[in-house]
Amino acid sequence: MFKRIAFAAGLFAAGVLPAQAATELTVYTALEVEQLKPYQQAFEKQNPDIRIKWVRDSTGIVTAKLLAEKDRPQADVVWGLAGSSLAVLKQQGMLEPYAPSSLDRIGAHYRDSANPPAWVGMDVWAASICFNTIEAEKQGLPKPTKWEDLADPIYRGKIVMPNPASSGTGYLDVSAWLQTFGEEGGWAYMDKLHQNIGQYTHSGSKPCKQAAAGEFPIGISFEYPAIQLKRKGAPLDIVLPKEGLGWEIEATALIKGSPHLDAAKKLADFSASREAMDLYKANFAVLAQPGIAERFQELPADYEQRLIKNDFDWASENRDRILAEWRKRYDGKSEAVSR
Amino acid sequence: MTIRATVRAADHKGRADLADRLFVNGGQWSMLILLVLAVMLPLLAMLWRGLVGDPAQGGGLAAATELFGSANFRWLLGNSVTSALCVALIVVPLAYGFAYALQRTCVPGKGMWRGISLLPLLAPSMLPGIALIYLFGNQGVLREWIPGNIYGFWGIVLGQAIYTFPHALMVLLSALALADARLFDAASSMGASPWRAFRSITWPGSRQGVFAAACLVFTLCITDFGVPVVVGGDYQTLALEAYKAVLGQQQFGRGALIGLFLLVPALLSFAVDLWLRRRQRDALSGRAQPYHATPQRGRDASFLLLVVTICAVLLGVFGMAVYSSLVKFWPYDLSLSLHNYAFSELPGGWLAYRNSLALACACALFGSVLIFTGSYLLEKTRQTPLTQVLRLLCFIPMAVPGLVLGLGYVFFFNLPANPLHGLYGSLTLLVICTVAHFLTTAQMTAAAALRQLDGEFEAAALSLKVPLLRHFLRVTLPICLPALLDIVRYLFVSAMTTVSAVIFLYSPDTVLASVAVLNMDDAGNVGGAAAMSTLILLTSAGVSLLLAGASRGLLRRSQAWRGAPAH
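Figured I'd write up the structure that's included with this text. Along each chain, residues carry numbers from 1 onward, in the same order as the chain's sequence is written. Whichever chain is written first is A, and whichever ligand is written first is 1; the rest continue in order. Residue-level local features of this predicted model are given only where pLDDT is at least 70; pairs of side-chain atoms are given and counted only at 80 or more, and the full residue set underlies all totals for whole chains, interfaces and linings. No hydrogens and no water enter the side-chain calculation; it runs on all heavy atoms of the structure.

Side note on a nonpolar patch on the surface
Residues and elements named next belong to chain B. To count toward a patch, a residue needs a relative accessible area above 30% and no salt bridge. Like charges then connect within 9 Å, nonpolar side chains (Val, Leu, Ile, Met, Phe, Trp, Tyr) within 5 Å. Per-residue and other accessible areas follow the Shrake-Rupley method at a 1.4 Å probe size, with only the shown protein chains counted as cover for residues. A pair is scored as a salt bridge if a Lys or Arg side-chain nitrogen falls within 4 Å of a carboxyl oxygen belonging to Asp or Glu. Judged by side-chain polarity, L44, L47, W48, L51, V52, L61 and L415 come together as a nonpolar surface patch covering roughly 640 Å² of accessible area. The secondary structure listing takes helices from DSSP runs of H or I that are at least 4 residues long and strands from runs of E that are at least 2 residues long, numbered from the N terminus. A total of 5 residues in the nonpolar patch trace back to one element, the largest contributor, which is helix α1 (residues 2–52). Looking at the secondary structure, you find L44 in helix α1. Buried residues are those whose accessible area, probed at 1.4 Å on protein chains only, stays under 20% of the maximum for their type, while exposed residues exceed 50% and partly exposed ones sit between those limits. Note on L44: relative accessible area 44%, which makes it partly exposed.

Brief notes about the interface of chain A and chain B
Two residues qualify as a contact provided that any one of their heavy atoms is within 4.5 Å of a heavy atom in the partner residue. The interface of chain A with chain B comprises 41 residues on the first partner and 35 residues on the second. Two parts placed together each lose some accessible area; with a 1.4 Å probe, that loss summed over both constitutes the buried area. Here chain A meets chain B over a buried area of about 3100 Å², counting both sides, of which 48% is carbon and sulfur. Here chain A is connected to chain B by 3 salt bridges. Where K206 of chain A meets D521 of chain B, a salt bridge forms, and the shortest distance between an N and an O atom there is 3.7 Å. Within 3.5 Å is the distance limit for a polar contact, defined as a pair of N or O atoms, with the added protein rule that one can donate a hydrogen and the other accept it, and that residues adjacent in sequence qualify only through two side-chain atoms. At the surface where chain A touches chain B, the tally comes to 9 residue pairs in polar contact (both at pLDDT 80 or more). Among the elements of the structure, α2 (33–46), β2 (50–56), α3 (59–68), α5 (133–139), β7 (197–201) and α7 (206–212) of chain A are those that each provide at least two residues to the side of chain A that touches chain B. Per element, the largest residue contribution to the side of chain A that touches chain B is 5 residues, and it comes from α3 of chain A.

Here we look at the pairing of strand β10 (residues 247–255) of chain A
All names here are of chain A. Among the 9 residues that make up β10, 9 are buried, leaving the element largely enclosed by the rest of the structure. Judged by which residues are buried, β10 turns out to be covered on both faces: W247, I249, A251, A253 and I255 on one side and E248, E250, T252 and L254 on the other are all buried. Note on pairing: two strands pair once DSSP finds at least 2 bridges between them. Judged from the 5 bridges that link them, strand β3 (residues 77–82) and β10 form a sheet pairing that is antiparallel. Looking across to β10, one finds that V78 is bridged to A253. Pairing of strand β4 (residues 95–96) with β10, which is carried by 2 bridges, proceeds in the antiparallel orientation. Across the sheet, the residue bridging to E96 is L254, located in β10. Both strand β5 (residues 119–132) and β10 contribute to a ladder of 7 bridges, which runs antiparallel. Within the sheet, the bridge partner assigned to G121 lies in β10 and is A251.

Side note on helix α2 (residues 61–69) of chain B
All names here are of chain B. When we look at burial in α2, the residues that qualify are A63, A64 and L67. Projected onto a plane normal to the axis of α2, the buried residues spread over an arc of 105° and lie on a single side. Exposed residues on α2 whose side chains face more than 90 degrees from its buried face are L61, A62, T65 and E66. Looking at the buried residues of α2, the elements they touch are α3 (71–104) and α11 (252–279). Directions are taken from the helix axis to each C-beta atom, and the arc is the one they span.

Examining the packing of aromatic side chains
Ring pairs (aromatic) are described by centroid distance and by the angle formed between their planes. Working definition: a ring pair exists when centres of Phe, Tyr or Trp rings (six-membered ring for Trp) sit within 6.5 Å. Plane angles under 30 degrees give stacked, over 60 give edge-to-face, the rest tilted. Taken as a whole, this structure holds 42 aromatic pairs over all chains when the rule is applied. Members of the aromatic cluster, joined through ring pairs, are Y39, F43, W54, W79, F270 and Y280 of chain A.

A word on unusual backbone geometry
If a residue is not glycine, its phi is most likely negative; likewise, a peptide bond is most likely trans. With omega at -5°, the peptide bond leading from N115 of chain A into P116 of chain A counts as cis. Inspection of the secondary structure puts P116 of chain A in the loop between β4 and β5. A cis amide bond links W330 of chain B to the next residue, P331 of chain B, at an omega of -5°. Located in the positive-phi region is K465 of chain B, a residue other than glycine, with phi close to 60°. If you trace the backbone, K465 of chain B turns up in the loop between α18 (456–463) and α19 (468–479). Accessibility expressed as a relative area gives 43% for K465 of chain B, which makes it partly exposed.

Describing the pairing of β2 of chain A
All names here are of chain A. Bridging between strand β1 (residues 23–29) and β2 involves 7 bridges; their strand directions are parallel. Directly across from E24, in β2, lies its bridge partner R51. Whether a crossover is right-handed depends on one test, that the path from the first strand over the helix to the second runs clockwise when the strands point away from the viewer. Between the parallel pair β1 and β2, the chain is carried across by α2, and the sense of this crossover is right-handed.

Topic: the pattern of salt bridges
All names here are of chain A. Inspection of the entire model under this criterion finds 22 salt bridges over all chains. Taking the shortest distance from any N to any O, the salt bridge between K146 and D149 comes out at 3.4 Å. Each of the salt bridges in this network shares a partner with another, and the network as a whole consists of R274, D278, K281 and E294.

Concerning the state of the cysteines
Here a disulfide denotes a covalent bond joining the sulfur atom of one cysteine to the sulfur atom of another. All names here are of chain B. By convention in this document, the label disulfide applies to cysteine sulfur atom pairs within 2.5 Å. Here the structure, examined in full by the defined rule, presents 1 disulfide over all chains. C361 takes part in no disulfide bond, and the closest cysteine sulfur, belonging to C363, lies 9.5 Å away. Under the relative-accessibility criterion, C361 is labelled partly exposed at 42%. Lacking any disulfide linkage, C480 is separated from the closest cysteine sulfur, that of C394, by 17 Å. Using a relative accessible area of 3% as the deciding quantity, one classes C480 as buried.

Written as structure tokens, this is what we have:
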């Protein structure tokens, strides 16, 4: 009996140990689910001794989770989180500064300014409006061209946008409006917009998916889901408002205190490399390494020039204050708009 | 010669005694340890976290007074109470009519109606919400039927009404199961109208059940977040706030405070229910004759109409969910395809479904054996203070909503100082939590089956010097097999569909199908959410049918004695 158990244990160990020899990296991310698989495959092909274990959620939730775990970090690397969130983590002293091997090719706006940088960018995502043409015609809604248009009462209950407390896309919208219209003008704009919102969603891509399905004709979202859905045949127009687009940088950072720092550095190297940029360019029109991105059919040629001048330091330093104010004004105080 | 034989017999008897004592005492003490670990300590951890916890995470007394005094909290509480009351007002009368039709009238096809009415138990609570979007959402097929849109108050009320209907129905079915035929005979011979007989016989006999059903529905609604998260729109509730505080903002203290608050209505209604039950215990005397309904065309036809209408609504809702999971691109391309079921395209792929199957099987297997053995040790042994404590502990999970239990587990098992910390995020902990969550109902089923067995069996075993454990395995277990299968089915289906407790406990490796439904809906992949819900529904239904078939076969083969003339 004993022998048999020992034999079984031996077999078990033989089966399990080689697999354990590979380093397992816990990677926190807010990337879209369908992007994870190709990124992971490419990295693991280059580094066969490292395995990625994803923990994915929306930007706000990943940020909150990282902050809550400050004393006992669970993540080794963050791959694909908003730059403004990473700046908050940097202020908390949670990031391990590191200069990846291809840092010199990364655009100056698209990385942390310190040397070595606390975080390094991957690509840029920017606000856009998903406009369902079929429903608009049915309901007699004009196509908006500017942010101001969305405050028009004819859109009452027709617009969905992400909740800035949980979604990075939601926060970039709010911080961009506050920067473009000024604090006072920005809140006044959101007060009017709030009257037209049918729903605040938890995820940044859901508004566009709901617009594509006609559930709500207008979704404030970002360009990636809009392009994907349009390619699948959704009756969408992608509207890039004239006042300028709020944007965020998706970036990579190492967590201080990770027991797998060497493997984590390899991931940071890969994330900033040319190979990774070639993967990112399938999904994004503006990349952290200039000169690689290709123009998207669905977007205008001057797309990059439409991005506003975004003050990330301001956006991350004031994040708590802005979100508290937003929650006070719009979250949980209002009756359901639909009623 | 004789002396040696006596010594050997005494020795044998001593060993049998020792084995019995080991089985009974060892079993009872291990039960105590398990129940304290799985029920008591998590609840205490939550109490501690909420009242003395870290203010940075929204806990502590100062945070408690601020939270409970805030306008936002009153608004959330008002929303929760209004919608839950509204659901109870809709569901309880309908379920009463339905139960009355099945127990007190001669409606044809009772088995089928009963089966259909239990459909909502087989899917997670998000499914009615998803179906409502496809039915009454802005692109719903029946869009014109309702003014405004479905997101908000009415979405929550309708979704939760469907979700809680079978729960209320089961309580009312048992409340209306027994009646004394002699009372009805007396009433009709005194010339009382059927309405009068209802008012003075049926209603007093069943109103405690009505109260219990209303409390159950109210508690289920106030602690459910599956429906509000899908169709709530901006109408927010307390349960949703607890869910957002913990998962969205990692405000554990705030979550604990709301959890504690949600415990209040559950405990209150539970206490009142117990008190009422004690008052009404002796309503049915030993000489009562079971009431059997006689056909009455007008009454039967109108109740048939009610039953058919409710079943049609349920079939419509669930049919819609299944249909929508098969549609290619709602609402612009209605051709059918299976692409919503291509879970392998998502990260984790089919992992969530496989995990749910593993969880459900483990809960059904270990849970049923553990609960049945535990009930045996409570019912068939000498009553001591220890058994009284164990009975009380077995009762607690019924009064604790899943959301609250799940939060308690987070606080208790995530303590760095806890030696069981390693379990956090594992499938083992999910199994423990799920079994603890559904313990009371399963234990009551086992106890009811065991109480039907005469204590003489144990006396006979004792006089034949058969060890109690062998008697339990060879006699009690086979006799009670149908009840055991019932428990297996209940635990399996509950584990497949539960979200409220496990949502706080899963890790990337142990994500569950019901959690995947929630996450897919969150990301806007409503088709995928409908597909995964449908898969859960089909699995639960398939396993239920299989077990029902097995139970029927067993009854015919090994339980023939039940039909034999007694006495």
